[in-house]
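# Coordinates in review
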Amino acid sequence: MQRREFLQKSSAAAWAFALPNPSELFKENPMGLLVYSYGARWNSKTESKKYPAFTNAIDLLEHTSKIGAGGIQVGINNWTKDFAKKVRERREKLGLYLEGSLGAPHTKEDVVKFEQDIINAKEAGVQVVRTVCSSGRRYEIFHSRQAFDEAYNQAITSLQLAEPILRKHKIKLGVENHKDWRTDEHVELIKKIDSEWIGITLDFGNNIALLEDPMHVVETLAPYAFTTHVKDMGVEEYNDGFLLSEVPLGKGTNTLPKMLAICKQHNPSIRFNLELITRDPLGIPCLKDDYWS
C-alpha cells in the first residue's frame, strides 16, 4: 500500500467513527427530493398506472410524503396566488418543507415578474430559493475568457437586481455551483453581492466537471450554503477525458458523511435534497484544447 493510499484510508476510517451515520442524521429531518431526480416523470406524456406523471408541485408533494421523504425543491415560475395557497395547504397537512427554484432577473424589466414569483412562493411556504446564473456548462458554452467574463458580470447584475426583492420579502436565494464557477470565483461572486439574503446552493458533485476536488468544494462553499443538492459521483475514462455520472449514494467517490456534517456544522437548519439524475454519463473533454479556453 502506498503512503498516500494509507493516509486516505486511515483518514476515512477516522471520520467514519467521528461522524454521525447518515441514517441517524436524517431521522429527525428526512432528506428531501429535487424535481430533477424525476426527469422522466415530470410532465411526462407517457401513460403509466404504476409511475404516473407529476404535473405540478402538489403531485410531487404527494409522492414525497408517500415514500417518507422530508420535502421538495421545485420550480416556482409563474405560480398564481391561488395555486400557491393550494400548495401551502397540502404541504402543511403532509408536514413537508418546500424550497423553490427560479431564475434571477436578467434586466430591470424582469424585476416585477421576479418579485411576483417570490411573493407567490412565500405564500406557499418557501423560505429558500435555488437559482443558477449561467445558461449551461462552462466548457461547452464559453470559448474565450471574454465570453466568460461577460457572463460573470451579468450574474453580478442579476443578483444585484434580485437582492432588494429578497431583502424586502425575507427570502434567501442560493446560487448553485452549476458547472460554471470554480470555487474561488463562486465565493468572490457571493462576497461582491455581500447580502445575508444571497448565498449558495451547494451541489456535491458538479465541480468535478471543472477538475475540482468535491471535498474542497464543500469545505469552501459550506459557510455560504442555504441549501444543497446531495449526490454521489462515478467516473470512467474515455478518449477525450472522462465520463461523469450521478450514482446511488455510497457507490461513488464522495465522502458523504463528512460532507453532510460540514454543511450541518455551518448551517444547522440546512436541507439535504437528493439529486439523482438518470441520464447518460456526461463527457468531460478535459483532454481537448477547447475545454481549457
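Residues numbered from 1 in each chain as written. Predicted model: local features only at pLDDT ≥ 70, side-chain atom pairs only at ≥ 80, totals over all residues. Heavy atoms only, no water.

### Some thoughts on the environment of Ala222
Its place among the elements puts Ala222 in the loop between α9 (214-221) and β7 (225-230). Sequence separation of Ala222 and Ala57 is 165 residues, and the distance between their C-alpha atoms is 28 Å. Ignoring anything within four residues of it in the chain, the contact list for Ala222 reads Leu202, Ile262, Cys263 and His266. (Helix = DSSP H or I, 4+ residues; strand = E, 2+ residues; numbered from the N terminus. Contact = heavy atoms within 4.5 Å.)

### Here's the deal with the confidence of the model for the chain
Across the chain, pLDDT averages 92, with 91% of residues at or above 70. Scored below 50 in pLDDT, residues 6-19 shows 6 contacts in the model against residues more than four places distant or in partner chains. (pLDDT = per-residue confidence, 0-100.)

### Re the packing of helix α8 (residues 183-193) against α9
Interhelical geometry of α8 versus α9 gives an angle of 15° and a closest axis separation of 10 Å. In terms of orientation, α8 and α9 fall into the roughly parallel class. Viewed along their axes, α8 and α9 form a crossing whose handedness is right-handed. Seen from α8, the contacting residues are Thr183, His186 and Val187; seen from α9, they are His216, Val217, Thr220 and Leu221. Along the lines of polarity and charge, the residues of the contact of α8 with α9 split into 3 nonpolar, 4 polar and no charged. (Axes fitted to C-alpha atoms, helices over the stretch in contact; angles between N-to-C directions. Parallel < 35°, antiparallel > 145°, perpendicular 65-115°, else oblique. Left-handed = near helix turned anticlockwise from the far one by under 90°. Nonpolar A, V, L, I, M, F, W, Y, C, P; charged D, E, K, R; others polar.)

### Structural notes on the pairing of β7
The buried fraction of β7 amounts to 6 of the 6 residues, a majority that puts the element mostly inside the structure. In terms of strand pairing, strand β6 (residues 198-203) meets β7 through 4 bridges, oriented parallel. Residue pairing across strands places Thr201 opposite Thr227, the latter belonging to β7. Crossover connection from β6 via α9 to parallel β7: handedness right-handed. (Buried < 20%, exposed > 50% of the residue type's maximum accessible area, 1.4 Å probe, protein only. Pairing = 2+ DSSP bridges. Right-handed = clockwise from strand over helix to strand, strands pointing away.)

### Here we look at the packing of aromatic side chains
Applying the stated rule across the entire model yields 8 aromatic pairs. Note on Phe148 and Trp181: the rings are 5.5 Å apart at their centroids and 70° apart in plane angle, and the pair reads as edge-to-face. Of the two residues, Phe148 is situated in helix α7 (residues 145-169) and Trp181 in the loop between β5 (172-176) and α8; the sequence distance between them amounts to 33 residues. Each member of the pair, Phe148 as well as Trp181, carries the same accessibility label: buried. An aromatic cluster of at least three residues, connected via ring pairs, comprises Phe142, Phe148, Tyr152 and Trp181. (Phe/Tyr/Trp six-rings, centres within 6.5 Å; stacked < 30°, edge-to-face > 60°.)

### Overview of helix α5 (residues 111-124)
For α5, spanning 14 residues, the distance from its first C-alpha to its last is 20 Å, which sits close to the expected 20 Å at 1.5 Å a residue. Listing the buried residues of α5 in full gives Val111, Phe114, Glu115, Asp117, Ile118, Asn120, Ala121 and Ala124. Structurally, α5 contributes buried residues whose contacts are with α4 (81-94), β3 (97-101), β4 (128-131) and α7. Just downstream of α5 lies Gly125, where phi reads positive at about 110°. (Expected span 1.5 Å × (residues − 1).)

### Looking at the pairing of strand β9 (residues 241-247)
Two faces belong to every sheet, and in a regular strand the side chains alternate between them. Among the 7 residues in β9, 6 count as buried, and that is most of the element. As defined by bridge partners, strand β8 (residues 232-238) adjoins β9 across 7 bridges and the pair is classed as antiparallel. Within the sheet, the bridge partner assigned to Met233 lies in β9 and is Glu246. Between β8 and β9, which pair antiparallel in sequence order, lie 2 residues. As paired strands, β9 and strand β11 (residues 282-284) are joined by 3 bridges and run antiparallel to one another.

### Section: the nonpolar core
One finds Trp79, Val87, Leu166, Leu202 and Phe204 to be the most contacted residues of the largest nonpolar core, which totals 67 residues. In terms of residue count, α7 provides more of this core than any other element does, 10 residues in total. Residues contacting Leu202, with those up to four places away along its chain left out, are Asn177, Val217, Val218, Leu221, Ala222, Ala225, Thr227, Thr228, His229 and Cys263. Membership of the second largest hydrophobic core comes to 11 residues, among which are Tyr139, Ala209, Met233 and Leu244. (Core = buried A, V, L, I, M, F, W, Y, C linked by side-chain atoms within 4.5 Å.)

### Section: the sheet that holds β9
As summarised here, the arrangement of the 3 strands in space is β8-β9-β11, forming an open sheet in which the pairing is antiparallel. The open sheet has two free edges, formed respectively by β8 and β11, since each of these has just one partner strand. Shown here is a sheet whose adjacent strand axes are inclined to one another by a mean of 30°, direction ignored.

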